[in-house]
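Chain and residue survey
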Amino acid sequence: MITVLRINHRPYRDKRITTHVALTARALGAATIVVDTEDEELREAVNSVTRNFGGNFGIETGINPMKFLKSFHGIKIHLTMYGIPIDECIGEIREKSLHSDVVVVVGASKVPFEFYEQSDYNVSISNQPISEVSALAIFLDRYYQGRELNMEFNGRMHVVPTVRGKTVKIIPDERECLNILNSAGADERIISHCISVAGLAVRIAELAHANLDLVRAGALLHDIGRTRVNGIEHAVTGAEILGELGNIDDRVILIVERHTGAGIPADEAKTLGLGFRDLMPETLEEKIVAHADNLYSGTRRTSLAEVVEKYQKKGLDAAAERIIKLHRELSAICGVDIDSVQ
Ligand code: SAM
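What counts as what
Residues numbered from 1 in each chain as written. Predicted model: local features only at pLDDT ≥ 70, side-chain atom pairs only at ≥ 80, totals over all residues. Heavy atoms only, no water. Helix = DSSP H or I, 4+ residues; strand = E, 2+ residues; numbered from the N terminus. Rg over C-alpha atoms; globule rule 2.2 N^0.38 Å. Buried < 20%, exposed > 50% of the residue type's maximum accessible area, 1.4 Å probe, protein only. Contact = heavy atoms within 4.5 Å. Areas by Shrake-Rupley, 256 points an atom, 1.4 Å probe, with all protein chains shown as cover. Lys, Arg positive; Asp, Glu negative; His and termini not counted. Charge placed at Lys NZ, Arg CZ, Asp CG, Glu CD. Pairing = 2+ DSSP bridges. 1 Å grid on protein atoms, 1.4 Å probe; cavity = no way out; pocket = protein on both sides within 12 Å on 5 of 7 lines; lining within 4 Å. Points joined across faces, edges and corners; volume = space filled by probe spheres on them. Nonpolar A, V, L, I, M, F, W, Y, C, P; charged D, E, K, R; others polar. Arc of directions from axis to C-beta.

**Remarks on the overall build of the protein**
Of regular secondary structure, the protein possesses 15 helices and ten strands. For the protein, the C-alpha radius of gyration of 26 Å lies well beyond 20 Å, the compact-globule estimate for 342 residues. When burial is assessed residue by residue, the protein has 48% of its 342 residues classed as buried. Across the protein, every contact between residues at least 6 apart in sequence was considered, and the portion connecting residues at least 24 apart equals 73%. Element-wise, carbon and sulfur atoms account for 52% of the exposed surface of the protein, whose accessible area totals about 17100 Å². Separation of charge centres in the protein, based on 39 positive and 48 negative side chains, amounts to 2 Å.

Set out below in structure tokens:
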């Protein structure tokens, strides 16, 4: 675990560059940044990136840096143009860090000599004066040997690389989901059902340690297709509506597309005129939303027994069996019978 210790931060002058040090630390694999001077605005700027783009990056400000460095248990590195060239020590640092945490000190202005003395390694990224942002970036890249560039952040927003232009896909939050439903023309009945399903889905997701943002958005949007059609095809239509918006995370769209009962296998989907693909929920989040929907009739909570009976009365025995199987699977994951989750 790598912590970056930012010293001599002067909010009136260094706000932008310290934000860049923090964003570089976050994007290139550090776990947290500790900044000597208290700066709420800086914390909020960095936390808002983490809230949107994901990960667990931490930021603390107003910490005595020498006290922090002295009490740090692990390898202490100070980046300075006066130090040992990185290529001469990075192998040793990487090896030692298999069993230890690492702190990387970067300055803003002149760094007191005590920091050179307290550090296990004074490391230079060339012996020319450069910036703390580039020094930190090169250090982290050499340390992780490029692997940090492929890290998954699992955020609410993610960039889809494109040759030209900007594509950002989002997992819409509750307010955005309600706006999407309203813009699609959803009536009160659809919206209140979606809110009921989302409430249960999120509670199951908490027990199952699933992605809450994804489950909330998928559940709130699961019946958006009913704004156009009311039959069994509404799930596929809903996925199409969301696809047309162009910026909705594919995982949300798949939750919507695969939410009917406990899913529809490819042969049944074909018979039902829903195309040739399998509409079975695959991910935990897809399974949770599908089943939370099974357990709501409008805004009334039902039980597994009631749902199964309803399917069996319609002669849909195979679908009923699939629902029982899904109920058992999710109950095992959550450690409680889903019927008892309120
Ligand atoms: N003049 C200051 C000093 O002598 O300590 C350095 C100020 S520099 C703008 C800010 C920070 O960038 C330094 O504290 C150091 O962490 C980092 N830095 C700048 N050049 C570097 C280099 N060539 N190698 C490693 N770190 C460097």
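**Quick word on the pairing of strand β1 (residues 2-6)**
Strand residues, when the strand is regular, have side chains that alternate between the two faces of the sheet. Of all five residues making up β1, five are buried, and the element is well covered by its neighbours. Burial along β1 is two-sided: Ile-2, Val-4 and Arg-6 facing one way and Thr-3 and Leu-5 facing the other are all buried. The sheet contact formed by β1 and strand β5 (residues 102-106) spans five bridges and is parallel. Directly across from Leu-5, in β5, lies its bridge partner Val-105. Pairing between β1 and strand β2 (residues 32-35): four bridges, direction parallel. Across the sheet, residue Arg-6 finds its bridge partner in β2, namely Val-35.

**Description of the layout of surface pockets**
The space that makes up the largest pocket amounts to roughly 780 Å³. Lining the largest pocket are 33 residues; nearest its centre among them are Arg-226, Thr-260, Gly-261, Lys-310 and Tyr-311. Listed by contribution, the elements that provide at least two residues to the lining of the largest pocket are α8 (188-208), α13 (284-294), β9 (296-297), α14 (304-313) and α15 (317-334). Residue classes in the lining of the largest pocket are distributed as eleven nonpolar, twelve polar and ten charged. Approximately 430 Å³ is the volume found for the second largest pocket. Among the elements of the structure, β4 (75-85), β6 (121-124) and α6 (132-144) are those that each provide at least two residues to the lining of the second largest pocket.

**Describing helix α7 (residues 174-184)**
Taken residue by residue, α7 has Cys-177, Ile-180 and Leu-181 as its buried positions. Taken end-on, α7 shows its buried residues confined to a sector of 95°, consistent with a single buried face. The outward face of α7, more than 90 degrees from its buried face, is lined by the exposed residues Arg-175 and Ser-183. Taken together, the buried residues of α7 touch α8, α9 (212-221) and α10 (234-245). Residue Gly-185 follows α7 closely and has a positive phi angle near 95°.

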